[in-house]
Amino acid sequence: MAHRAVLTARQRAALFDLPTDEIALLRHYTLDDDDIEHIRTRRRPENQIGFALQLCAFRYPGRLLKAGEVIPEPVSRFVAAQLGLKPDDLLLYAAREKTRREHLDSLRKMYGYKMFSGKRAKKMRSWLDQHAEAAQSSEVLVRGFVEECRRRQIILPGTSVVERHCADALVAAERRVEARIAGHLDRKMRAKLDTLLTEEVDGRVSRFIWLRQYEVGKNSADINRQIDRLEFLQGISLSPAILDDVPAHRIARLRRQGERYFTDGLRDITSDRRLAILAACVVEWSAAIADTVVETHDRIVGSIWREAKRICDARVAEAQSEIAATLAGFETLGTTLLMAKGDEVAVAGAVDASCGWGVLENLVATAGALGKTVKADALAYVEKGYHRFKLYAPRMLAALEITGASVAEPLLSAGDVIRDKCDIPSRSAPFLQPQSKWRSHLRDPETNRDRLWVVAVLFHLREAFRSGDVWLAHSRRYSDMKQALVPVETAQTMGLSMPLEPEVWIADRKQRLEDGLHRLAMVVKNGTLPGGVIEDGRLRVERLEADVPAEADTLILDLYHRLPEVRITDILMDVDNDTGLTDAFTHLRTGAPCKDRLGLLNVILAEGLNLGLSKMAGASSTHNFFQLARLSNWHVESEAINRALAMVIEAQGQLPMAKYWGAGQTASSDGQFFPTTRQGEAMNLVNAKYGHEPGLKAYTHVSDQYGPFATQVIPATVNEAPYILDGLLMNPTGKRIKEQYADTGGFTDLVFAATSLLGYLFIPRIRDLPSKRLHVFDRRSVPNELKGLAGGKIRENTIIANWPDVLCCIATMLSGRMQPSQLLKKLAARPRQHDLAIALREIGRVERTLFIIEWLLDTDMQRRAQIGLNKGEAHHALKGALRIGRQGEIRDRTTEGQHFRIAGLNLLTAIIIYWNTKQLGIAVAQRKKAGLETPDYLLAHISPLGWAHIILTGEYRWRKLRMER
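The structure displayed is predicted, hence computed values, not measured ones.

Chemist: For the overall build of the chain, give the residues involved together with the corresponding values.
Modeler: Helix and strand counts for the chain come out as 42 helices and 15 strands. Counting only C-alpha atoms, the chain reaches 135 × 85 × 60 Å along its principal axes. Burial analysis of the chain (965 residues in total) assigns 53% to the buried set. Within the chain, contacts between residues at least 6 apart in sequence are counted, and of these 77% link residues at least 24 apart. Accessible area of the chain: about 45000 Å², with a carbon and sulfur share of 51%. Placing the 134 positive and 119 negative side-chain charges of the chain at their respective mean positions leaves the two points 5 Å apart.

As C-alpha cells, then:
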C-alpha cells in the first residue's frame, strides 16, 4: 500500500520528544519508592541516571532512547535531582552498548514492557484498522495509536514505522469506505452517476459541474434554476440510506473533494473512489439544494414584504398634500358652520357660502379615500407578489418533501392546492389564526381574493419553516427539530450545569430574587444606589465614566515606539515559526501536511487583506495564480482555518504579556458590518442601521486577552442574539469562558435563559434599561420601593411542565447536534402559544431580572462589561485597516467565498495580535531593564491592536525560508 507522510515535524516532536516543561516532567517523570529501589541496584552514578532515563522514556513518550540521543538538560536535571546525582553523570552512560541493552532487558522484565513485534504488532495493526475510519485526521489516529501502545505497555517502534502503519491504515480505511459505497450501487445506478461526467449542459459544462453551481438566490429565476437541479437529482433516485454505514466526517470529506475536482480529474481516478465521490455529492447536494430553495423562497418573501411596505409608505407620503388640502377645506367649512350657528343662519346657506355642495361632496369622497390610504398596512399591497410566486411555487411545492406537525396540517393542505393548481377555496382559510389581519384583507371586496390567498399561504409557509412547524426529510437546516433534539434520557446523563428537577431551580431563583430585591430596596431607601436613582417608580441611570489612568497613554506610546517596523510577510513567518499554524492546512483527501509553507502563507495573506489570489500572485514573486489556486482549493477550508486560529489563540494566551489583560475566562461578542456589491440589495442584505448600503456582518467573539477566537458570517438583516452561543459552544476557547458580554443587539430573553442554563454569566449592555420591568414569582413580595419597577408574574407552572423539553434543548446545544443559533431562531419564530418557547422566555425573564438587580448594585460588573465590549469594538478598527483590497468590499457572491474572506481576515488579525503581544512583552522587559517604572496596573490598559508599525501595502516579499520549525 502507498506510504505517505501524516505528521509535520512539529507534530512529531509533540508526540515523540522528551517533555521539558515543569508540569509534564512532574506528571510523567516523578519516580516513586519502588522505582528508586530498582534504580539503586545499579552501582555507578552514570548507570543509575541512565537506567532512570530509560524507564522515563518507556513511560512517556513510550519509546526507546536512541543510541547517542541528546537528553534535554531540564530532563536530566529533574531525574538526577530525585536520585541525588548530578546531570553530568549521564555523560559516561552507556560507554558500553551492552550496558544499555542489559538495562533495556531488565526494565522490560521488571515493569512488563513489550517490544512492538510479532503478535503485538499484528494486534496494534488490527487496532489501527478498527479505528482508522472513525479518525477525524491523521494526527488524531497517530495520537490514538501512541496512547494505546502506552496503555498496553508496548514500546513504540521508530517514528517512521508508526507513520507508515498509520498511513497504511488510513489508505485502507479510505478504500474500504469507497468500496462499501460503491457496493451499494447496482449497475444501472453506476451508469447514471458516470453519466454526470460525460453529459453536458448547454454545451458548456458537464452535468456534474452544473449541479454543484448552486447558491442562495434572489428571485424566481434563481429559484427555478435551483429546482431544475433538485428535480434532476431526484430523478437519479439515489437513496440517502447508501451512506448510513459511513462516518459523517468521511461523507463530508467526499463531498468537499467532489466540489474541488474538475470533471477530467474525476474521470481519471479509480472506479470505486469516483463512484463514492459522485454518490456522496448526489445525496448531499440533494439536501443542500432543497435547503437553498427554501432559503431563496424566504428571501423572495422578504423582498415582497419590503416592497409592499415601500409602496404603503410612498402612498402615505404622496397623499400628504391632499391630506393637507382636505383638512384645510374641512377647516374652512367647519369655521363657517360654527359662525352660522352663532348667527342662526341656515346650514345650507353656510355650506353655499363656504365651499358649495359640489366641493363638499368631493371633500367627503377624498377624505374617505385618504382614510383608507392612511389606515392601510403593507398587507394591502403584498398581492403584487403573486406574479413572482406563480412562476415557481407549484414546482417548489412538488419538488420539496415537506412534512409537518399537526398544527401545520391546514397549511400543508393549502400548499397542496397550489401545487396541484386546483381551484382556490371560496371562503376557507383554516391555516390563518382567527384574529389574523390576513382575514380582513381576504374579505375586502376590492381584493383579488384568489391571488391574496396564494400569497398568504406562501408567506405562512416561510414562517412555518422558520419556526420548525414544517420540515424537510433529509435537510441539514430545516430538519425535524424533535428528531434533532437529544432524548431526555440522554440529557439527564450528560452532567448539565442546570438541575434535573425544575423545583430545585425554581426554589433557588425564588431565594435569589428575594435576596436581590431586598438588597436593591435597601440601597434605594438609603439613597445609595450606585450611578442611579429610583423616583416615583422610574429608574434613571447615569453613564459610567471611563476609568483609564492618564499616564496609560504615555506608556502605550513608548511601548509602541519600541516595536520594530515590520513587513506583514515577516509577521506571518515569525508567528508560523512560533505556532506552526500552517500545520493545520492538511490536504483535503490524503490528510498529508502541506509542503509549500510560503504558498499557504500567501493564500492566508490574500484572504486576510481581501486581495484575492490573482492580485496576490501579482504582488508576490514566489507563486503564480495557479499555484495559489491549487493550494487554496485543496488545503484551505473552514475546518483548517478554524484549527489554525485555535493554534494562534492558544499560543497568544500563553504569552506573559497576555496575562495582564485577563485569564481567558471572559469574552465579548459583536457584529461588524462589511459592505458588499450592489447585488446585496436584491439579496435581502440591506439593514436600516447601516443605511441603504448592502453588506453582511462578521459576528466575532473576542476573549479578554484580545484573541478573536470565533467568527461567523451572518446577514446584515438578522438579529445578532442567536449567534452568541455558537462561538461559545462550538469552539474550544469558548467552552472555557465564564462571563460573556454583548452589546444591546445580543439581548433577548431566550439568550438569557440558554446562557444561564448552560452555566455562563451573561452580561449584555441594555440600551433602554430604565424601561425594563422586574419579573417576579409573587408581586406581593416586591418591596414598596420597587413596586413601580415590577412587571409581570413568572408562569411557574409552564416552566415545570416543560422542564424535560428545556433539558433536551440545552443538551442539544451542548452536544453540537444542532447549532445553538439555529435552535434559538426556531424557538423565537414559534407561535406565542407554544409552551416550550414560553417556558424558555419565562426562564429568561427570571435571569434578566436577576441580572438587572446585580447590574444596578455592582459597578464593578458594569466596568468589566464596558472594558470587554471596548476590546471587541477596538478589533473593528484593526480589521478595517487590514481590509485594503477591493475598496474594502466583500465582493464574493457565494456564501463559502464570503466565509473564507471573513475567516481569513479574522485569522490574520489573530496573527498580528500574537506578534504584537510578544513584541510588547519584549518592550516591557526593555523598559524594566532600563529602570523605567512600568506598573502592572498600567499594563492592563495596553492593547495589542496597533498597526502603525506594520507595512501592509506594496510588494509582498518573503524572507529566505529556513528550517525554523
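Chemist: Just give me the short version of a negative patch on the surface, but keep the residues and values in it.
Modeler: Where like charges cluster on the molecular surface, the negative patch consists of Asp32, Asp33, Asp34 and Glu37. One can find glutamate 37 in helix α3 (residues 33–40).

Chemist: Got a sec to walk through unusual backbone geometry? Specific residues and values, please.
Modeler: Looking along the chain, the bond that leaves tyrosine 60 and enters proline 61 is cis, with omega of 10°. Structurally, the position occupied by proline 61 is in the loop between α4 (45–59) and α5 (73–83). A positive phi angle, near 60°, is found at glutamine 153, a position not held by glycine. Take glutamine 153: it is sitting in the loop between α8 (138–151) and α9 (159–183). Even without being glycine, serine 237 reaches a positive phi, approximately 60°. Secondary-structure assignment places serine 237 in the loop between α12 (220–236) and α13 (248–258). By relative accessible area, serine 237 is classed as exposed at 54%.

Chemist: I'd like to hear about the side chain of arginine 229, residue by residue, with values.
Modeler: Counting through the fold element by element, arginine 229 comes out in helix α12. Of the buried charged residues, arginine 229 lacks a salt bridge, with aspartate 228 as the closest side chain of opposite charge at 6.0 Å. What arginine 229 contacts, discounting residues up to four positions off in sequence, is Trp210, Leu211, Gln213, Tyr214 and Ile289.

Chemist: An account of the packing of helix α21 (residues 409–419) against helix α23 (residues 449–467) is requested, with residue identities and associated values reported.
Modeler: Two elements in contact, α21 and α23, have axes whose closest approach is 10 Å; the angle formed by their N-to-C orientations is 130°. Considering their axes alone, α21 and α23 lie oblique with respect to each other. Considering the relative orientation of α21 and α23, their crossing is left-handed. Only Trp453, Val454, Val457, Leu458, His460, Leu461 and Ala464 of α23 make contact with α21, whose side of the interface consists of Leu411, Ala414, Gly415, Val417 and Ile418. Tallied by class, the residues present in the contact of α21 with α23 amount to 10 nonpolar, two polar and no charged.

Cut-offs and rules
- Residues numbered from 1 in each chain as written.
- Predicted model: local features only at pLDDT ≥ 70, side-chain atom pairs only at ≥ 80, totals over all residues.
- Heavy atoms only, no water.
- Helix = DSSP H or I, 4+ residues; strand = E, 2+ residues; numbered from the N terminus.
- Buried < 20%, exposed > 50% of the residue type's maximum accessible area, 1.4 Å probe, protein only.
- Contact = heavy atoms within 4.5 Å.
- Areas by Shrake-Rupley, 256 points an atom, 1.4 Å probe, with all protein chains shown as cover.
- Lys, Arg positive; Asp, Glu negative; His and termini not counted.
- Charge placed at Lys NZ, Arg CZ, Asp CG, Glu CD.
- Patch = residues over 30% accessible without salt bridge, like charges linked within 9 Å, V, L, I, M, F, W, Y side chains within 5 Å.
- Salt bridge = Lys/Arg side-chain N within 4 Å of Asp/Glu carboxyl O.
- Axes fitted to C-alpha atoms, helices over the stretch in contact; angles between N-to-C directions.
- Parallel < 35°, antiparallel > 145°, perpendicular 65-115°, else oblique.
- Left-handed = near helix turned anticlockwise from the far one by under 90°.
- Nonpolar A, V, L, I, M, F, W, Y, C, P; charged D, E, K, R; others polar.

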